[in-house]
Amino acid sequence: MRIVTATAVALALAGPATPTATAQQPTTDGIWRMDGYGTVLSIRNGTFQEYQTTAVSCLKGDSAQRTGPGTYTTPDGVVLTVRAQEDRDHVFLRADASVGSRNLRRIPALPDACARPTAEEPRTTFDVFWQTFEENYPFFASKGIDWHKVRDQYRPQVHNGTTRDELYAVFSEMVEPLRDAHVAVQDGNRVFSQVRPGTVVPTGELDTKVKKFIAERDLKDARNLQDFAQGRITYADLPGGQGYLRISGFGGYAGDETSYAAQLAELDRALDTVLGQERTQRLKSLIIDLRINGGGSDALGIHIAQRLTDTPYLAYSKRARNDPADPTRHTRPQPVYITPAQGPRHTGPVAVLTGGSTFSAGETFTQALMDRPGKTVRIGQPTQGVFSDVMPRKLPNGMSAWLPNEEFLTRSGRTFDGTGIPPHLTEPVFTKEEFDKKRDSAFDRAVNVLRNYSGTTS
């Protein structure tokens, strides 16, 4: 699950520790409102304070210090880069593990609500919870949910005597019908979340089971079977000049080291081996298996896609909901392009295996390959249907809500939130029957399609 916290975003704005502004270096000190994302930031002398805002609340978030010239590091290791414009009233920022940037505009002062404490009692917490979704969640209409009716149903159940357990249960019931894996209610160590019906969360236990099944069944005749990146990437040479690349997530590649730079270094070590010059000269086609993939960094997915083309192309465009009162209004879509990487690349046919346990960054990577020049075919089942970064929001009583507020658009402006990206060729994916009969229909279909590929699938 990709979580770029508002704190991480705020860190990008601290700016160089320059005592006074110049024409060449506008100051980033001041008060800033982010387009979309419900965030206001106070920047003072290299220290900033985040405020998470709605029409009914302003909750103080995390504070942080500048960690380098033009770069800022969050407590969880995310590095952000600030880019000030000549216009002193606008700033752009970018997180290293994400794609796209965020626009901030100067405002004269903090909202009035930021100057007074927010009550922690249950009904106020309810109102902040409801309003957070009301102002930021983009998919109520597509999911057929009347969020105002939800408020009318549940708010009368909340009063000063409502216990924490009861409030947690109310919030969980409110969001359960969304069936959105990027929506969650958190209270300490307990988290409530739901996935799309008929799909399964890609847990570590499931990943281990599937990996063993594939090794014994699909890769029994393979050569050069290797694990990389803490076992999250597997490669094997299949008979007939085919390659098999399994990716179970876009992160966790470097053990306890959580920085994006460490993840990227491990990924490059794997790709330099998998797609080295000697192998790419004889590699005819490649199976990329994303069927159990818990997501992670979109930027790592873009990095892999750069190894799979000789021609630049549009991966997708990204936009965020940008009007608290109108869910149809968004920030301007930001295009994200695939540019060919330096060094050896595989540009031949690719089969991408997907299923309902293909989550988040696994889906944005799948989307990034949809318009890949050359022969690319998707086989299996639709992906989970969650693409946005996750926006964590604090609640007055110490609970948290997680929700998406972004859309990833294809070249034609289509999104796949909720439904997931469909395959070109449908096959069962890790069903009980497949396991019981030791079948892997999607893998077998990919081997045969690539062996006999004579057309182009777009």
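Before any of the text, the structure's been laid out above.
The following refers to the structure shown. (Residues numbered from 1 in each chain as written. Predicted model: local features only at pLDDT ≥ 70, side-chain atom pairs only at ≥ 80, totals over all residues. Heavy atoms only, no water.)

**Notes on the overall build of the protein**
Piece 1. For the protein, the count of helices and strands is 11 helices and 22 strands.
Piece 2. Over its C-alpha trace the protein gives a radius of gyration of 23 Å, about what one expects of a compact globule, namely 23 Å for 458 residues.
Piece 3. C-alpha extents for the protein along the principal axes are approximately 70 × 55 × 40 Å.
Piece 4. Scored against the burial criterion, the 458 residues of the protein give a buried share of 57%. (Helix = DSSP H or I, 4+ residues; strand = E, 2+ residues; numbered from the N terminus. Rg over C-alpha atoms; globule rule 2.2 N^0.38 Å. Buried < 20%, exposed > 50% of the residue type's maximum accessible area, 1.4 Å probe, protein only.)

**Digging into the sheet that holds strand 9 (residues 184-187)**
Piece 1. The sheet built from 4 strands is open, its strands ordered 10-9-20-19 with antiparallel pairing. The strands lining the two open edges of the sheet, one partner per strand, are strand 10 (190-193) and strand 19 (390-394). Averaged over all pairs of adjacent strands, the angle between their axes in this sheet comes to 20°, without regard to strand direction.
Piece 2. Each of strand 9, strand 19 and strand 20 (400-404) is contacted by helix 2 (residues 122-136), which is oriented at about 10° to strand 20, the strand it contacts most.
Piece 3. Here helix 4 (residues 164-175) sits on the sheet in contact with strand 9 and strand 10, set at roughly 25° to strand 10. (Pairing = 2+ DSSP bridges. Axes fitted to C-alpha atoms, helices over the stretch in contact; angles between N-to-C directions. Contact = heavy atoms within 4.5 Å.)

**Considerations on the packing of aromatic side chains**
Piece 1. Applying the stated rule across the entire model yields 13 aromatic pairs.
Piece 2. Seen from their ring centres, F129 and F171 are 4.0 Å apart, and the 10° between their planes marks the pair as stacked. Taken together, the residues span a long stretch of sequence, with F129 in helix 2 and F171 in helix 4 at a distance of 42 residues. For the residue pair F129 and F171, the accessibility class agrees, reading buried in each case.
Piece 3. Ring plane angle 20° and centroid distance 5.0 Å describe the contact between F140 and W147, whose orientation is recorded as stacked.
Piece 4. On the basis of relative accessibility, which here comes to 2%, the residue W147 falls in the buried class.
Piece 5. Here a set of aromatic residues connected by ring pairs shows up, and it is made of F126, F129, F133, Y137, F139, F140, W147 and F171.
Piece 6. Seen from the ring of W130, R151 lies directly overhead, with NZ or CZ sitting 4.4 Å from the centre.
Piece 7. Here the basic side chain of R190 rests over the ring of Y168, its NZ or CZ set 4.2 Å away from the ring centre. (Phe/Tyr/Trp six-rings, centres within 6.5 Å; stacked < 30°, edge-to-face > 60°. Lys NZ or Arg CZ within 6 Å of the ring centre and 35° of its normal.)

**Here's the deal with the sheet that holds strand 18 (residues 376-380)**
Piece 1. Read from one edge of the open sheet, 7 strands run 11-12-13-14-17-18-22, paired in mixed fashion. The sheet is open, and its two borders are formed by strand 11 (223-228) and strand 22 (425-426), each paired with just one other strand.
Piece 2. Bridging between strand 12 (residues 233-238) and strand 13 (residues 242-247) involves 6 bridges; their strand directions are antiparallel. Paired with Y235 across the two strands is L245, which belongs to strand 13.

**So, the environment of Q230**
Piece 1. Of note, Q230 is situated in the loop between strand 11 and strand 12.
Piece 2. A C-alpha to C-alpha distance of 6.7 Å links Q230 and G255, two positions 25 residues apart in sequence.
Piece 3. Ignoring anything within four residues of it in the chain, the contact list for Q230 reads G252, Y253, A254 and G255.

**A short note on the pairing of strand 14 (residues 285-289)**
Piece 1. Within strand 14, 5 of the 5 residues are buried, which leaves it mostly tucked inside the rest of the structure.
Piece 2. The two faces of strand 14 match: S285, I287 and D289 on one face and L286 and I288 on the other face are all buried.
Piece 3. Two elements, strand 13 and strand 14, share 5 bridges in a ladder whose sense is parallel. When the sheet's bridge partners are listed, Y244 is paired in strand 14 with I287.

**Section: the state of the cysteines**
Piece 1. Evaluation of the coordinates by the stated rule reveals 1 disulfide.
Piece 2. Each sulfur of the disulfide joining C58 and C114 lies 2.0 Å from the other. Of note, the bridge from C58 to C114 carries an S-S torsion of about 90° and is right-handed in sense. Of the two residues, C58 sits in strand 4 (residues 57-65) while C114 sits in the loop between strand 8 (102-107) and helix 2, which places them 56 residues apart along the sequence.
Piece 3. Since its relative accessible area comes to 15%, C114 is described here as buried. (Disulfide = S-S within 2.5 Å.)

**What about the environment of G374?**
Piece 1. In this structure, G374 sits in the loop between helix 9 (361-368) and strand 18.
Piece 2. Placed 65 residues apart in sequence, G374 and T309 show a C-alpha to C-alpha distance of 8.2 Å.

**Things to note about the packing of helix 3 (residues 147-154) against helix 4**
Piece 1. Two numbers describe how helix 3 lies on helix 4: the axes approach to 11 Å, and their chain directions differ by 150°. Accordingly, the angle class assigned to the pair helix 3 and helix 4 is roughly antiparallel. At the point where helix 3 passes helix 4, the crossing takes the right-handed sense. Here W147, V150 and Y154 of helix 3 come into contact with helix 4, specifically with V170, E173, M174 and V175.
Piece 2. Looking at the contact of helix 3 with helix 4, its residues break down into 6 nonpolar, no polar and 1 charged. (Parallel < 35°, antiparallel > 145°, perpendicular 65-115°, else oblique. Left-handed = near helix turned anticlockwise from the far one by under 90°. Nonpolar A, V, L, I, M, F, W, Y, C, P; charged D, E, K, R; others polar.)

**Overview of the nonpolar core**
Piece 1. Of all hydrophobic cores here, the largest spans 43 residues; its most connected members are F129, F133, W147, F171, M174 and V175.
Piece 2. Broken down by secondary-structure element, the contributors of at least two residues to this core are strand 1 (30-34), strand 2 (39-44), strand 6 (79-84), strand 7 (90-95), helix 2, helix 3, helix 4 and strand 20.
Piece 3. The dominant element in this core, judged by the number of residues it contributes, is helix 4, at 6 residues.
Piece 4. Those residues in contact with F171 that sit more than four places away from it in its chain are T125, F126, F129, V185, L395 and M399.
Piece 5. Y235, A305, V336 and A368 belong to the second largest nonpolar core, which has 41 residues in total. (Core = buried A, V, L, I, M, F, W, Y, C linked by side-chain atoms within 4.5 Å.)

**Some points on the pattern of salt bridges**
Piece 1. Under the counting rule described, the total for this entry stands at 32 salt bridges.
Piece 2. In this structure, the salt-bridge partner of D127 is R155, at a minimum N-O distance of 2.7 Å. Here D127 is found in helix 2, whereas its partner R155 is found in the loop between helix 3 and helix 4, with 28 residues between them in sequence.
Piece 3. The partly exposed category is assigned to R155, whose relative accessible area is 24%.
Piece 4. Of the charged contacts in the structure, one is a salt bridge between D165 and R190, with a shortest N-O distance of 2.7 Å. Note that D165 is positioned in helix 4 and R190 in strand 10, a separation of 25 residues in sequence.
Piece 5. What emerges from the salt-bridge pattern is a single network uniting R102, K318, D389 and E406. (Salt bridge = Lys/Arg side-chain N within 4 Å of Asp/Glu carboxyl O.)

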